[in-house]
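Residues per chain, in single letters:
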Amino acid sequence: MQKSILVLPGDGIGPEITEQAVRVLKAVTDGSDLALNFVDGLIGGAAYDAAGHPFPEETKKAAMAADAVLLGAVGGPQYDNLDRPLRPERGLLGIRSAMGLFANLRPAILYPQLADSSSLKPEVVAGLDILIVRELTGGVYFGQPRGIREVDGQREGFNTMHYNEAEIERIGRVAFEAAMQRNKKVCSVDKANVLETSELWREIMIRVAKDYPQVELTHMYVDNAAMQLVRWPKQFDVMVTENLFGDILSDQASMLTGSIGMLPSASLNDKGQGLYEPSHGSAPDIAGQGIANPLATILSAAMLLRYSFGRGDLADKIEAAVSHVLDQGLRTADICTPQDRKVSTTQMGDAVVAALD
Ligand code: NAD
Ligand code: IPM
Ligand code: MN
């Protein structure tokens, strides 16, 4: 079987971490019946610098043609004063929207070896395995109208949040299908006490739940969910929520796993295409130092093999290799405690590749 992967390293630590994930993908498929063909492309600030746009037409074509996309991260302070449509983040939103990647899966799993790296007590996070299902192509991120306008002699910024029934229903189905493969619990997170979008969201989730009688559906307001995530996170199995809430809650959940450098993601559409990226950003504060944690990207590559290529066997191998490396006490700075051996980004990649055998 021959498959092509479009690699979009992006900005900041993006190139450092995708390099390690590509090495792992090459190593895990070496000698297997899956032949991978890697194509490099531009996105974000790197694309703006080279081509004048954060999501060039060429990248769009390559993304549509590829069997899967692996992305690093975008953004950086040098781009923060560009016109909004030219900013790196718009490139990322552009590819998500162009590919229709409405379903963002962000699994927060604690590797037991990292119980002491979490900022929460080990007993609070031990055995943690939550799946956050974030709606990715709707809500306030994309709603029109938006902008900054002059009203009564002063400027005001405005954004619009909306969701239609079909958008809510399809992300709901993704969450319930995932729950059927897990512990059969869905917690829908909203702000139905204030927002009409949430009122509709809740109504549609209840409707979708009727098709999954074995799954228990609960509802939680987002402010309470933020609190419950740090109080007793193991009460959750699948959490489903809208775009902005999911962005915030997934960064929060990442710390339960020890570091944001551990949280992978898959963004899927209804045509079987997928984009895989770590949940974190371009980390400008540590870019170029060779110290970023590549594991979130490596674990995203495992998700790519599982979801886009149906190779759960190879994904399992990568995840087992990551676990083995953590057993060896190897840690990048973000997850390193005094008992561990601190390694660089490349050394972590080396260790995962070595552990594949
Ligand atoms: P960030 O996730 O880039 O960094 C937050 C903190 O986490 C920083 O201290 C950083 O050093 C650390 N961190 C992140 N990833 C790490 C890793 N792999 N290993 C070790 N430490 C890691 O968030 P930010 O600082 O708010 O944003 C920086 C830039 O990234 C902004 O331009 C933002 O728009 C962009 N961003 C992009 C994405 C993406 O591409 N998906 C996601 C979030 C933020
Ligand atoms: C993420 C990021 C993006 C988002 C930004 C960079 C557009 O924070 O992937 O979580 O908000 O979705
Ligand atoms: Mn985010």
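By the naming in an unreviewed UniProt entry, the protein is 3-isopropylmalate dehydrogenase, taken from Halothiobacillus neapolitanus. We quote the UniProt Subcellular location (unreviewed entry) comment for the protein here in full: "Cytoplasm". For the record of the protein, the UniProt heading Pathway (unreviewed entry) holds the text "Amino-acid biosynthesis; L-leucine biosynthesis; L-leucine from 3-methyl-2-oxobutanoate: step 3/4."

Caption draft 1: Quick peek at the overall build of the protein. What the protein contains, in helices and strands, is twelve helices and 14 strands. For 357 residues, the compact-globule formula gives about 21 Å, and the C-alpha radius of gyration of the protein, at 20 Å, lands near that figure. Seen along its three principal axes, the alpha-carbon backbone of the protein occupies a region of about 60 × 50 × 45 Å. Counting every position in the protein, which comprises 357 residues, the buried fraction comes to 50%. Looking at the protein alone, contacts between residues at least 24 apart form 73% of all its contacts between residues at least 6 apart.

Caption draft 2: Expanded view of the domain arrangement of the protein. With domains assigned, the protein is organised as domain 1 (1-117 + 263-357) and domain 2 (122-257). Residue-level contacts link 21 residues of domain 1 with 26 residues of domain 2. The leading source of residues in the side of domain 1 that touches domain 2 is strand β4 (residues 103-109), at seven residues. Its residues assigned to classes, the side of domain 1 that touches domain 2 comprises 13 nonpolar, five polar and three charged.

Caption draft 3: Region of the structure containing the site of ligand 2. For ligand 2, the full set of nearby residues is Gly75, Glu89, Leu92, Leu93, Asp247, Ser279 and Gly281. For the shell around ligand 2, the leading source of residues is helix α4 (residues 88-98), giving three residues. Partitioning the shell around ligand 2 into residue classes produces two nonpolar, three polar and two charged.

Caption draft 4: View of the site of ligand 1. Residues in close proximity to ligand 1 total 21 residues, the closest being Gly75, Gly261, His280, Gly281 and Asn293. Taken together, the residues of the shell around ligand 1 break down into ten nonpolar, seven polar and four charged.

Caption draft 5: Up close: the UniProt feature "binding site: Mg(2+)" (unreviewed entry) in the protein. When the UniProt feature table is mapped onto this chain numbering, "binding site: Mg(2+)" (unreviewed entry) sits at Asp223, Asp247 and Asp251. For Asp223, the position within the fold is in helix α8 (residues 222-231). Locating Asp251 in the fold gives a position in helix α9 (residues 243-254). Here Asp251 is in contact with Ile260 and Ser279, once residues within four sequence places are set aside.

Rules and cut-offs
Along each chain, numbering runs from 1 in the same order as the chain's sequence is written. Chain letters start at A and ligand numbers start at 1, both assigned in the order the entries are written. Two thresholds apply to this predicted model, a pLDDT of at least 70 for residue-level local features and 80 or more for giving and counting side-chain atom pairs, whereas whole-chain, interface and lining totals are computed over all residues. UniProt positions are given in the numbering used here, feature names are shortened, and annotations may be inferred rather than shown by experiment. Comment: elements are numbered from the N terminus, with helices defined as DSSP H or I runs of at least four residues and strands as E runs of at least two. Note that the radius of gyration is over C-alpha atoms, with the globule rule given as 2.2 Å times the number of residues to the power 0.38. We call a residue exposed when 12 or fewer other C-beta atoms sit within 10 Å of its C-beta, buried when the count reaches 20 or more, and partly exposed for counts in between; the C-beta positions come from the backbone. By definition, residues are in contact whenever their C-beta atoms, placed on the basis of the backbone, come within 7 Å of each other. Each domain's limits were defined by an automated method or a database of domain assignments. All amino acids are sorted into three groups, where Ala, Val, Leu, Ile, Met, Phe, Trp, Tyr, Cys and Pro are nonpolar, Asp, Glu, Lys and Arg are charged, and the leftover types, Gly among them, are polar. Defining nearness, a residue is near a molecule or strand when the C-beta atom obtained from its backbone falls within 6 Å of it.

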